[in-house]
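Fold and geometry: a report
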There are 2 protein chains.
Amino acid sequence: MRDEVDGLVEAWRAERPDLDVEPLQVLSRVSRLARHLDRARRTVFTEHGLEPWEFDVLAELRRSGPPYELSPGRLLRATLVTSGTMTNRIDRLAAAGLVRRFPDPADKRGVLVRLTDEGRERVDGALTALLDYEKTILGAMPASERRRLAALLRSLLSPLDEPDPRQRT
Amino acid sequence: MRDEVDGLVEAWRAERPDLDVEPLQVLSRVSRLARHLDRARRTVFTEHGLEPWEFDVLAELRRSGPPYELSPGRLLRATLVTSGTMTNRIDRLAAAGLVRRFPDPADKRGVLVRLTDEGRERVDGALTALLDYEKTILGAMPASERRRLAALLRSLLSPLDEPDPRQRT
DNA sequence: CCGCACTATCTCGATATCGAGAGATAAGCT
DNA sequence: AGCTTATCTCTCGATATCGAGATAGTGCGG
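Under the annotation held in an unreviewed UniProt entry, chain A carries the name Transcriptional regulator, MarR family and is attributed to Marinactinospora thermotolerans DSM 45154.

**Quick word on the pattern of salt bridges**
Considering all chains together, one arrives at 38 salt bridges over all chains under this definition. E4 of chain A is the salt-bridge partner of R32 of chain A, the closest N and O atoms lying 2.4 Å from each other. Placement of R32 of chain A in helix α2 (residues 22-46) and of E4 of chain A in helix α1 (residues 4-15) is noted, with a sequence separation of 28 residues between them. With a relative accessible area of 17%, R32 of chain A lands in the buried category. Residue classification places E4 of chain A among the partly exposed residues on the basis of a relative accessible area of 33%. The residue R114 of chain A makes a salt bridge to E69 of chain A at a minimum N-O spacing of 2.7 Å. Linking R114 of chain A in strand β3 (residues 111-115) with E69 of chain A in strand β1 (residues 69-70), this pair joins segments that are 45 residues apart in sequence. What emerges from the salt-bridge pattern is a single network uniting E15, R16 and D18 of chain A together with R62, R120 and D124 of chain B.

**With respect to the nonpolar core**
Counting 100 residues, the largest nonpolar core has L149 of chain A together with L149 of chain B as the members making the most contacts within it. Apart from the residues within four sequence positions on either side, L149 of chain A is in contact with M141 of chain A together with V26, L149, L152, L153 and L156 of chain B.

**Some remarks on the environment of W53 of chain B**
All names here are of chain B. When you line up the elements, W53 lands in helix α3 (residues 52-63). Along the primary structure W53 and R42 are separated by 11 residues, whereas in three dimensions their C-alpha atoms are 9.4 Å apart. Beyond its immediate sequence surroundings of up to four residues, W53 is in contact with R89, R92 and L93.

**Let's talk about the sheet that holds β1 of chain A**
Residues and elements named next belong to chain A. Strand order in this open sheet of three strands is β1-β3-β2, and the pairing throughout is antiparallel. Each edge of the sheet is formed by a strand with only one pairing partner; in this case those strands are β1 and β2 (99-103). As defined by bridge partners, β1 adjoins β3 across two bridges and the pair is classed as antiparallel. Of the residues in β3, the one forming a bridge with L70 is V113. Most of the contacts of helix α3 (residues 52-63) go to β3, to which it runs at about 90°, and overall it touches β1, β2 and β3.

Quick notes on the rules
- Residues numbered from 1 in each chain as written.
- Chains lettered and ligands numbered in written order.
- Predicted model: local features only at pLDDT ≥ 70, side-chain atom pairs only at ≥ 80, totals over all residues.
- Heavy atoms only, no water.
- Salt bridge = Lys/Arg side-chain N within 4 Å of Asp/Glu carboxyl O.
- Helix = DSSP H or I, 4+ residues; strand = E, 2+ residues; numbered from the N terminus.
- Buried < 20%, exposed > 50% of the residue type's maximum accessible area, 1.4 Å probe, protein only.
- Core = buried A, V, L, I, M, F, W, Y, C linked by side-chain atoms within 4.5 Å.
- Contact = heavy atoms within 4.5 Å.
- Pairing = 2+ DSSP bridges.
- Axes fitted to C-alpha atoms, helices over the stretch in contact; angles between N-to-C directions.

Take a look at the structure:
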């Protein structure tokens with residue numbers, strides 16, 4: 001079995017024999033796999049009438065539980081976009097009837113973004129489709145290996161998750 | 001040990017107990033890890049006066065070996081951007097003196113993009129810095145686990161690498 | 001209870017990307 | 001050879017994002 005990264009590593013070894021390119025074996029695979037996943041997500045969501053960014057926002061609201069309502073600030077921190085981007089996204093989601101804006105009764109500066117019934121149906125459908133697709137990707141991999149892979153990835157991710165919650169205001 | 005994805009999976013389980021969200025344990029971690037890596041790459045490359053997209057293009061040329069020369073078509077397929085984007089990138093890299101365009105002697109429609117000495121130095125320096133950073137990410141992980149992780153990732157990636165070389169012209 | 005630093009959201013100009021299409025050349029077919 | 005289809009690169013208009021700044025409201029310390 002062989003993938004793009006094997007070729008990549010070989011090429012670097014030939015051109016830069018002075019360097020230890022071992023880390024690419026893990027981290028380039030992570031990046032490339034993520035790129036493939038992004039493309040596939042786009043395809044899956046398009047079939048459900050959503051863009052990936054729409055799913056990101058709606059899913060955050062959906063996961064928060066009833067009444068499916070969060071501030072723009074929480075949404076932008078959760079999705080790692082800037083405030084200008086989030087304003088624009090909420091505008092478009094509201095125009096599409098998937099969310100509505102309400103003034104925040106507890107803070108007159110703020111608003112709350114609430115999922116509409118239609119928004120909830122759309123994100124639920126898209127999630128189901130996403131999981132179906134992801135199952136096919138993981139397809140042949142036995143449950144024991146999945147757990148081991150998940151654990152190894154967690155050990156890389158958890159140190160990165162902690163520091164610098166990175167306000168993007 | 002715990003990461004963002006553990007919280008994500010718990011939240012979905014609470015809201016959608018009807019779904020099997022196991023696949024997220026692996027694939028959401030891949031996506032999130034890739035996002036962290038992107039941010040870190042940006043930081044590392046900025047210190048070497050390169051943008052991530054500049055590194056992507058220059059590295060492809062560097063890896064191809066002397067005379068460090070490829071067509072725009074090969075570059076756009078390697079970096080998964082559209083032709084309009086690649087034209088724009090080559091324009092800016094040429095303006096920065098990191099590449100030069102030459103007519104392709106074998107095909108009068110085409111051009112060849114060649115790395116300049118300065119471009120080569122910059123990409124070599126950036127690669128060294130990138131690998132240093134990646135070593136710190138992988139830091140504590142023993143070599144045996146790295147190999148296992150790489151192998152598990154390869155088994156997910158290799159089926160995706162084959163199909164649909166996806167011309168983006 | 002007043003001032004001041006902080007926070008929340010929105011506005012707006014700049015920029016990188018996409019994607020459709022044009023112009024030129026190449027390669028295959030009859 | 002002549003014709004058609006494919007390929008290569010570039011052009012250009014539309015769009016989503018960023019990031020700095022504006023506006024309004026909050027709440028702490030004096």
